[in-house]
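Now for the letters of each chain:
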Amino acid sequence: MLLHSTQDITQTSSFSNALLNPSAPNNALYAPLNLPRLNPENLKNLNYKELALKIIGAFDFDINLQIFQKALEVYDNFDDKNCPINITKINENLYINELYHGPTRAFKDMALQPFGVLLEYLKKDDFYLIMCATSGDTGPATLKSFENKKNIKVVCIYPNDGTSKTQALQMIHSKACNLKSIAIKGNFDDAQNALKTLLNDEEFKAVLKKENIHLSAANSVNFGRILFQIIYHYYASLKLDKNLDIIIPSGNFGDALGAYYAKKMGAKISKIKIASNSNNILSEFFNSGRYDLRTKTLQKTISPAMDILISSNIERLLFDKFKDQRTKELMLNLKNEKFYELNFEELKLLQEDFEADFCTDEECMHYIKQYQDYLLDPHTCTCFKMLDSNTPTLITSTAQWSKFTPSMYKALFNKECLDEKKAMQEIANQFNQNIHPNIACLFEQEDIKVKTYKIDDLKQTIIDWIKQ
Ligand SMILES: *Cc1c(COP(=O)(O)O)cnc(C)c1O
């Protein structure tokens, strides 16, 4: 199967090309024209990796399944070597799909871990620079995935005050010499824009070319990541074996897109409910059909990985629902007027699959306290407002609480956390939790003073580092 540009279906790409060169011409994305359908009845007895291979195999991409099998072996290093996710039952109608059992304790590992292996294989002997912009979890997961990989360098750009301290430490303490993280003055949308600008900067590309380095991006527009985000939703729906609503804390809409693709591939999913924080552009979109940047400025919340206004993967949903020409029209409108609006029929069509709502920080703190015996992280708790206790529901948990200690501490004890290391230990003791060694060790190391870069200096900083 080939992938198609979301804005012109005559532009196609193989899967392997899309993984190495994630943007389609004119900054469109690559996406499948049709999703292959599987019969869930035939898949019930498969383990996670077997199911993954069935799902990936159904796409019939240009890479041998043995390579994918190799990539999936990274899941052996997750908490349970037989299954990278854990489904916890809260009550008869409520389950939590924990996707944070990998090395960086956020769901980004689910895709970025196998993605790293695939990319290393596909690039052959070429040299690569992989760039990513992160609001907190993509950065650590990307750095971890490419740690010490031969002929690959990674640069992560993150907003200086936009991540939790733990997330920043995860990046700062990534010591392998092929990795670099850069803090910029600005927010996540600024970081994402800076990345897009660099990926299209002729001077930057010329310098890399001279050094014989190819350029790619590991952000969530890369279809190679989306592929792995279909599997866990499908797997959970098979294990629970009933029609489910799935609620997903969303930002760039990669996780939720995976659920939508899983549904189209036959998984028994009823509604996909999109949870946002007070950056509620997605809930506004699914409720009104308006995607309106004009009225919004990015707010900092206690769920930094969802502090996003430009939600890239919505473009793939538009493409699937309304085809390429309409997607092009809408995306052009967004670019030129910072705004677009679906018509009534289009909105109804979206609402067949989706619902959406958002939580303020105050509401989030309330849910963390209410469910303290489980310990929800500040992203996962945004799901609880949409919980309908009469419908079997799977809540997608995207990170472990320990990445966000100060907010957790405030919610649980109604006190400011003065010492993050002590506070984390206090929470762990009180609620019988273990702190993963990868998180605990971050606070054992010496403080490093982080330099913050102006966006204008980014290009030269990266060039200097590459030439070292
Ligand atoms: C990335 C992230 C999200 C948002 O996921 P998207 O795929 O960007 O919608 C939510 N929660 C956490 C903890 C994340 O790291």
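Residues numbered from 1 in each chain as written. Predicted model: local features only at pLDDT ≥ 70, side-chain atom pairs only at ≥ 80, totals over all residues. Heavy atoms only, no water.

- The protein chain is annotated in an unreviewed UniProt entry as Threonine synthase from Campylobacter volucris.
- What the UniProt record of the protein chain gives under Sequence similarities (unreviewed entry) is the line "Belongs to the threonine synthase family."
- UniProt's Pathway (unreviewed entry) comment on the protein chain is quoted here verbatim: "Amino-acid biosynthesis; L-threonine biosynthesis; L-threonine from L-aspartate: step 5/5." (UniProt positions renumbered as here; feature names shortened; annotations may be inferred.)

**A closer look at the packing of aromatic side chains**
Inference 1: One pass over the structure, following the stated rule, counts 23 aromatic pairs.
Inference 2: An angle of 80° between the planes, with centres 6.1 Å apart, marks the rings of F61 and F223 as edge-to-face. One end of the pair, F61, is in the loop between helix 2 (48–59) and helix 3 (65–72); the other, F223, is in helix 9 (residues 223–240), with 162 residues separating them in the sequence. Take F61 and F223: they sit in the same class, and that class is buried.
Inference 3: Note on F285 and Y291: the rings are 5.8 Å apart at their centroids and 65° apart in plane angle, and the pair reads as edge-to-face.
Inference 4: One aromatic cluster is present, formed by F253, Y260, Y261, F285, F286, Y291, Y340 and F354 through successive ring pairs.
Inference 5: Over the ring of F339 we find R294; its NZ or CZ atom is 3.8 Å from the centre of that ring. (Phe/Tyr/Trp six-rings, centres within 6.5 Å; stacked < 30°, edge-to-face > 60°. Helix = DSSP H or I, 4+ residues; strand = E, 2+ residues; numbered from the N terminus. Buried < 20%, exposed > 50% of the residue type's maximum accessible area, 1.4 Å probe, protein only. Lys NZ or Arg CZ within 6 Å of the ring centre and 35° of its normal.)

**A closer look at the site of the ligand**
Inference 1: In the neighbourhood of the ligand, 15 residues make up the surrounding shell, with K108, D137, G251, N252 and F253 lying closest.
Inference 2: Between the ligand and the protein, one listed contact pairs an oxygen atom with a side-chain N or O atom of K108 at 2.6 Å.
Inference 3: Backbone polar atom of F253 to an oxygen atom of the ligand: 2.8 Å apart, as the coordinates give it.
Inference 4: The fraction of the free accessible surface of the ligand (380 Å²) that becomes covered by protein chains is 97%.
Inference 5: Classifying every residue of the shell around the ligand gives six nonpolar, six polar and three charged. (Near = heavy atom within 4 Å. Polar contact = N/O pair within 3.5 Å; in protein donor to acceptor, adjacent residues only side chain to side chain. Areas by Shrake-Rupley, 256 points an atom, 1.4 Å probe, with all protein chains shown as cover. Nonpolar A, V, L, I, M, F, W, Y, C, P; charged D, E, K, R; others polar.)

**Brief notes about the sheet that holds strand 2 (residues 8–13)**
Inference 1: If you trace the four strands from one edge of the open sheet to the other, you get 2-1-4-3, paired in antiparallel fashion. Whereas interior strands pair on both sides, the edge strands pair on one side only; in this sheet they are strand 2 and strand 3 (23–24).
Inference 2: Pairing analysis gives two bridges linking strand 3 to strand 4 (residues 28–31), with the strands arranged antiparallel. Considered in strand 4, the bridge of A24 is made with A28. (Pairing = 2+ DSSP bridges.)

**Brief notes about the packing of helix 11 (residues 281–288) against helix 12 (residues 314–337)**
Inference 1: Interaxial distance between helix 11 and helix 12 falls to 13 Å at its minimum, and their mutual angle equals 15°. One way to sum up the angle between helix 11 and helix 12 is to call them roughly parallel. For the element pair helix 11 and helix 12, the recorded crossing hand is right-handed. On helix 12, the residues that touch L282, F285 and F286 of helix 11 are I314, L317 and L318. (Axes fitted to C-alpha atoms, helices over the stretch in contact; angles between N-to-C directions. Parallel < 35°, antiparallel > 145°, perpendicular 65-115°, else oblique. Left-handed = near helix turned anticlockwise from the far one by under 90°. Contact = heavy atoms within 4.5 Å.)

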